[in-house]
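Read off the chains here:
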Amino acid sequence: MASLWDDLDDLVNKPSSFSAKGGERGTIKPKAHFDAGDDAAALKEAMKGLGTKEKTLIDILTHRSSSQRQLISEAYQADTGKALVDDLRGETGGDFEDLLVALATPPAAYDCHEVMRAMKGGGTVESVLIEIFASRSNEQIQALNEVYLTETEKKVTFDMKTEVSGDFGDALLVLAEGRRDESTSVDTQKAKEDAKTLYEAGEKKWGTDESKFIEILCHRSIPQLRQTLVEYKNISGKTLQQSIEGEISGELQELLVAIVKCVKSVPAYFAELLYQSMKGCGTDEWTLNRVMVSRSEIDLLDIRAEFKKLYEYSLHSAIESDLSGELGDTLKLICGGDD
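These numbers were taken from a predicted model, which means no experiment stands behind them. (Residues numbered from 1 in each chain as written. Predicted model: local features only at pLDDT ≥ 70, side-chain atom pairs only at ≥ 80, totals over all residues. Heavy atoms only, no water.)

Concerning the side chain of Gln224
Piece 1. The topology assignment puts Gln224 in helix α14 (residues 222–236).
Piece 2. Owing to a relative accessible area of 6%, Gln224 belongs among the buried residues under this scheme.
Piece 3. Filtering out sequence-adjacent residues up to four positions away, Gln224 remains in contact with Ser185, Val186, Asp187, Lys190 and Ala191. (Helix = DSSP H or I, 4+ residues; strand = E, 2+ residues; numbered from the N terminus. Buried < 20%, exposed > 50% of the residue type's maximum accessible area, 1.4 Å probe, protein only. Contact = heavy atoms within 4.5 Å.)

The structure is reproduced here in structure tokens:
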């Protein structure tokens, strides 16, 4: 795995998922000749009476784009007086229920609900917060924030302050504002200065000045950070990721490494997450469902390609060997094909 993250060749010129337009590299495409009313009626019929026709639910929800699924939800509500997500919850269960509800939820609301779920109850699931805030664009984070404010009448950062603390909390709260610089031009001199600042804040001194890492990695634009990663390796002989892993520990290390990986390649970052969610005994269905749904219309084709490159077998075959039943069938349809 190390070689993937150590290779910085041509990094500055590679396309980035942060600027990908929805639909271009996704596996789920809008259905032609779409009729929301017909689909809503079919879903209603599938959940009527004793026994649910899961195949109909799966077929419709995995073969319509997110915006089409929202139109189906509106038609369903108008026809039945009930929310589609509520009926899906009532008629299905477990991880399969979570997956169908995710598909029927608008992307910003889904991200928002995953953040809420990560902060609910006794302990906070930091890995979910790291994944979402390190990998989403400003636009996605701001949309998440709007849903959070509408549903709770509080800012997400207000609630996060009680859940996370220290340097990790500071960095996460900066990301959760969704205000990363979005300039596409690169200032090479500034990248050299930032690389030097990071080197002097970590490798070169006794003890680490974490604030410098937070300041640069949470604020600079993606193209600017790509150039900074190249300049850092020129100065130190190591990658910035290697330095962070050597100099910083705990959740802050996890967050900063996730940012660096996403700056390099969001699809490779998610391919690694998907692999980890299925490796060894037991499956992390929560992560698997979230990544598959949230990337299905953004860059899942690229994630599939990175997965195959990294692990020498396809994402589709990994899902097939790890999951069975309706959950496995639905995830394979979202995956959209074998490589």
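Let us keep going from here.
Section: helix α11 (residues 166–176)
Piece 1. Of the positions making up α11, those classed as buried are Phe168, Gly169, Ala171, Leu172, Leu173, Leu175 and Ala176.
Piece 2. Looking at the buried residues of α11, the elements they touch are α8 (126–135), α9 (138–152), α10 (156–160), α13 (210–219) and α16 (250–264).
Piece 3. Within two residues after α11, Gly178 carries a phi angle of roughly 65°, on the positive side.

Quick word on the environment of Ile216
Piece 1. Residue position: Ile216 is located in helix α13.
Piece 2. With relative accessibility at 3%, the residue Ile216 sits in the buried group.
Piece 3. Sequence spacing of Ile216 and Val186 is 30 residues, and the spatial spacing of their C-alpha atoms is 14 Å.
Piece 4. Non-local contacts of Ile216, meaning those with residues more than four positions away in its chain, are made with Asp194, Thr197, Leu198 and Leu225.

Digging into the packing of helix α7 (residues 107–119) against helix α18 (residues 285–295)
Piece 1. Viewed as axis vectors pointing N to C, α7 and α18 meet at an angle of 160°, and their least axial separation amounts to 11 Å. It follows from the interaxial angle that α7 and α18 lie roughly antiparallel. Crossing hand, α7 versus α18: left-handed. Packed against α7, whose contacting residues are Tyr110, Glu114, Arg117 and Ala118, the element α18 presents Trp286, Asn289, Arg290 and Val293 at the interface. (Axes fitted to C-alpha atoms, helices over the stretch in contact; angles between N-to-C directions. Parallel < 35°, antiparallel > 145°, perpendicular 65-115°, else oblique. Left-handed = near helix turned anticlockwise from the far one by under 90°.)

Topic: the packing of aromatic side chains
Piece 1. Applying the stated criterion across every chain yields a total of five aromatic pairs.
Piece 2. Ring centres 4.0 Å apart and planes at 10° place the aromatic pair Tyr275 and Tyr311 in the stacked group. With Tyr275 in helix α17 (residues 266–278) and Tyr311 in helix α19 (residues 300–311), this residue pair connects regions lying 36 residues apart in the sequence.
Piece 3. The class of Tyr311 is buried, set by a relative accessible area of 13%.
Piece 4. Considering the side-chain rings of Phe307 and Tyr313, the 5.6 Å spacing of their centres and the 80° angle between planes classify their relative orientation as edge-to-face. (Phe/Tyr/Trp six-rings, centres within 6.5 Å; stacked < 30°, edge-to-face > 60°.)

Observations concerning α8
Piece 1. Of all the 10 residues making up α8, eight are buried; the element is thus mostly covered by neighbouring parts of the structure.
Piece 2. When α8 is considered as a whole, its buried residues turn out to be Val128, Leu129, Ile130, Glu131, Ile132, Phe133, Ala134 and Ser135.

Some remarks on the pattern of salt bridges
Piece 1. On inspection of all chains with the given rule, the structure shows 26 salt bridges.
Piece 2. Of the charged contacts, one joins Asp209 and Lys212 as a salt bridge, the two residues approaching to 3.3 Å between their closest N and O atoms.
Piece 3. Take Lys212: its relative accessible area is 36%, and that puts it in the partly exposed class. (Salt bridge = Lys/Arg side-chain N within 4 Å of Asp/Glu carboxyl O.)

Quick look at the environment of Ala75
Piece 1. Relative to the helices and strands, Ala75 resides in helix α4 (residues 66–80).
Piece 2. Placed 38 residues apart in sequence, Ala75 and Gly37 show a C-alpha to C-alpha distance of 5.7 Å.

Observations regarding the nonpolar core
Piece 1. Among the nonpolar cores identified, the biggest contains 101 residues, and Phe133 and Met292 are the most heavily contacted of them.
Piece 2. The leading source of residues in this core is α16, at nine residues.
Piece 3. Excluding anything up to four places from it in sequence, Met292 contacts Leu274, Leu300, Leu315, Ile319, Leu331, Ile334 and Cys335. (Core = buried A, V, L, I, M, F, W, Y, C linked by side-chain atoms within 4.5 Å.)

What about the side chain of Arg290?
Piece 1. In this structure, Arg290 sits in helix α18.
Piece 2. Within the structure, Arg290 has its side chain in polar contact with the side chain of Glu114 (distance 3.1 Å).
Piece 3. What Arg290 contacts, discounting residues up to four positions off in sequence, is Tyr110, Glu114, Val128, Glu131 and Ile132. (Polar contact = N/O pair within 3.5 Å; in protein donor to acceptor, adjacent residues only side chain to side chain.)

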